[in-house]
Structure formats: C-alpha cells, structure tokens
Amino acid sequence: MSMNTEQAVMQRSDSRCELCTSPEHLAVFAVAPYDDSEAEQCVMTCAVCREQLTLSGELDTKRWHSLNDTVWSPVPAVQVLSYRLLKRLVAEPWAQDLLDTVYLSEEVQEWADAIDAPERDDGEPTLDSNGSQLFAGDTVVLIKDLDVKGTSFVAKRGTAVRGIALTNNPEHIEGRVNGTRIVIISAFVKKSN
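Quick caveat, the model's predicted, so the values are computed rather than measured.

Draft legend 1. Geometry of the sheet that holds strand β11 (residues 180-185). The sheet built from three strands is open, its strands ordered β9-β10-β11 with antiparallel pairing. Bordering the open sheet on either side are β9 (165-166) and β11, each of which pairs with just one other strand. Alignment of β9 against strand β10 (residues 172-177), held across two bridges, turns out to be antiparallel. Across the sheet, the residue bridging to Leu166 is Ile173, located in β10.

Draft legend 2. Examining the side chain of Asp128 more closely. Position of Asp128 relative to the elements: it lies in the loop between β3 (126-127) and β4 (133-134). Among buried Asp, Glu, Lys and Arg side chains, Asp128 stands out as unpaired, with Lys191 the closest opposite charge at 7.2 Å. Of note is the side chain of Asp128, whose polar atom sits 2.9 Å from the backbone nitrogen of Asn130. At 2.8 Å, the side chain of Asp128 and the backbone nitrogen of Ser132 are in polar contact. Sequence-distant contacts of Asp128, defined by excluding residues within four places in its chain, comprise Leu134, Ser186, Val189, Lys190 and Lys191.

Draft legend 3. Molecular detail of the packing of helix α4 (residues 76-88) against helix α6 (residues 106-113). Their axes nearest at 9 Å, the elements α4 and α6 cross at an angle of 50°. Overall, the two elements α4 and α6 adopt an arrangement that is oblique. Handedness of the crossing formed by α4 with α6: right-handed. Contact residues: Pro76, Ala77, Gln79, Val80, Tyr83 and Arg84 in α4; Val108, Gln109, Trp111, Ala112 and Asp113 in α6. Across the contact of α4 with α6, the residue classes break down as seven nonpolar, two polar and two charged.

Draft legend 4. Seen up close, the pairing of β11. Alignment of β10 against β11, held across six bridges, turns out to be antiparallel. In the sheet register, Glu174 faces β11, and the bridge partner there is Val183. Connecting β10 to the antiparallel partner β11 that follows it, the hairpin turn spans two residues, and Asn178 within it adopts a positive phi of roughly 55°.

Draft legend 5. Spotlight on unusual backbone geometry. The omega torsion of the bond from Ala32 to Pro33 falls at 10°, within 30 degrees of zero and hence cis. Residue position: Pro33 is located in the loop between β1 (27-30) and β2 (42-45). At Ser15, a position not held by glycine, the phi torsion is positive, near 55°. When you line up the elements, Ser15 lands in the loop between α1 (3-12) and β1. The exposure class assigned to Ser15 is partly exposed, which follows from its relative accessible area of 36%. Here Thr21, not a glycine, exhibits a phi torsion of approximately 70°, which is positive. Relative to the elements of secondary structure, Thr21 occurs in the loop between α1 and β1. When its relative accessible area of 52% is taken as the criterion, Thr21 is described as exposed.

The rules behind these values
- Residues numbered from 1 in each chain as written.
- Predicted model: local features only at pLDDT ≥ 70, side-chain atom pairs only at ≥ 80, totals over all residues.
- Heavy atoms only, no water.
- Pairing = 2+ DSSP bridges.
- Helix = DSSP H or I, 4+ residues; strand = E, 2+ residues; numbered from the N terminus.
- Buried < 20%, exposed > 50% of the residue type's maximum accessible area, 1.4 Å probe, protein only.
- Lys, Arg positive; Asp, Glu negative; His and termini not counted.
- Salt bridge = Lys/Arg side-chain N within 4 Å of Asp/Glu carboxyl O.
- Polar contact = N/O pair within 3.5 Å; in protein donor to acceptor, adjacent residues only side chain to side chain.
- Contact = heavy atoms within 4.5 Å.
- Axes fitted to C-alpha atoms, helices over the stretch in contact; angles between N-to-C directions.
- Parallel < 35°, antiparallel > 145°, perpendicular 65-115°, else oblique.
- Left-handed = near helix turned anticlockwise from the far one by under 90°.
- Nonpolar A, V, L, I, M, F, W, Y, C, P; charged D, E, K, R; others polar.

Structure below.
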C-alpha cells in the first residue's frame, strides 16, 4: 500500500473507522476483490471491525447496528462492506429490514456481489426439494410442518424463512422461524422466487 493511499483514506474517514467511528487502532482494509493500491477500493477500519470482517463464523450482531448509517455512505467501498455484512446478518430481523430498503447503484451492487460466501471443502451444493441450488441470503418456504427440537412450536408448512445461512453440511440450512434460529433440512424447503 502506498503512503498516498493510506493518507487519502485517513483524510476521507476523518481518522475514524468508517464502519463504527472508533478512532482506535486504525488500518486500511482493502475491499475484495481489490488490493490496497487505490483509496477508492479501501475502507479505514478499527482492529475490532477488521477482526469481525475476517471472521468466517458468527458476527457480534450488537456491534453492527452501525450499518443502519454506514450502508448509506457516499463511499462505494463502505457501501459494499456494509451490504456484505448485512447479508451475513440477514437472519436478524433488523438486518433483513435494512437490506429490503437498501439501494446500491448497479456498479456497486456488482462489486458487492462479486465475492460469494466461501464454498464448503467438498464443493457439494445445497439443494432444495426441487433440486434448485440454495445460496446464503436466499428466502425459502417450508413444504411441510416441522417439529422444532428444543422448542414448543411447530414450524408450519408455507412459512417463509428469509435470509438463510448455509452450513458445513450441504443437506442443512439455518434460518429464523418465530424468532428462533433453527437448522432445517434443505429437502424440506423450496426456494422462493
């Protein structure tokens, strides 16, 4: 990274993390698929945000309520990172609501969609009951009533599950039903259009 890139991003961000506004432990973060050679393709981040960005597991959902503001940033790189984080948090009702209202220009949307969720080691796709491939963030509909283990409710046929997450098992997905995050066998759902 050139000193000019770091200086440009530092100046643009007013020496604050562009995701949470923290002034602590700042560093430039290149937004994939780009490297850190151009300021327009980078975001100033604090150490905690960088750690969350590189984490493949669960995100600290309370931390990311700042996305309500950052997704509307005039900086495309900040919009892209905010959008990608919202897609990872889509099982949270507030994140799904925000995603439903977000508008990205066509160019920024292509950039945001350029990086898909990491593939499983076996490369086997997750398929719904009709054989359609499922992706993280998809909306599915239950095709049968499901007893939800550890709860007192039944997930009813026809229930929409928005913003699913894929798991390490290609036969399972995760999603929220009645406010509870559950694992669902992918053969019991169909992709919603």
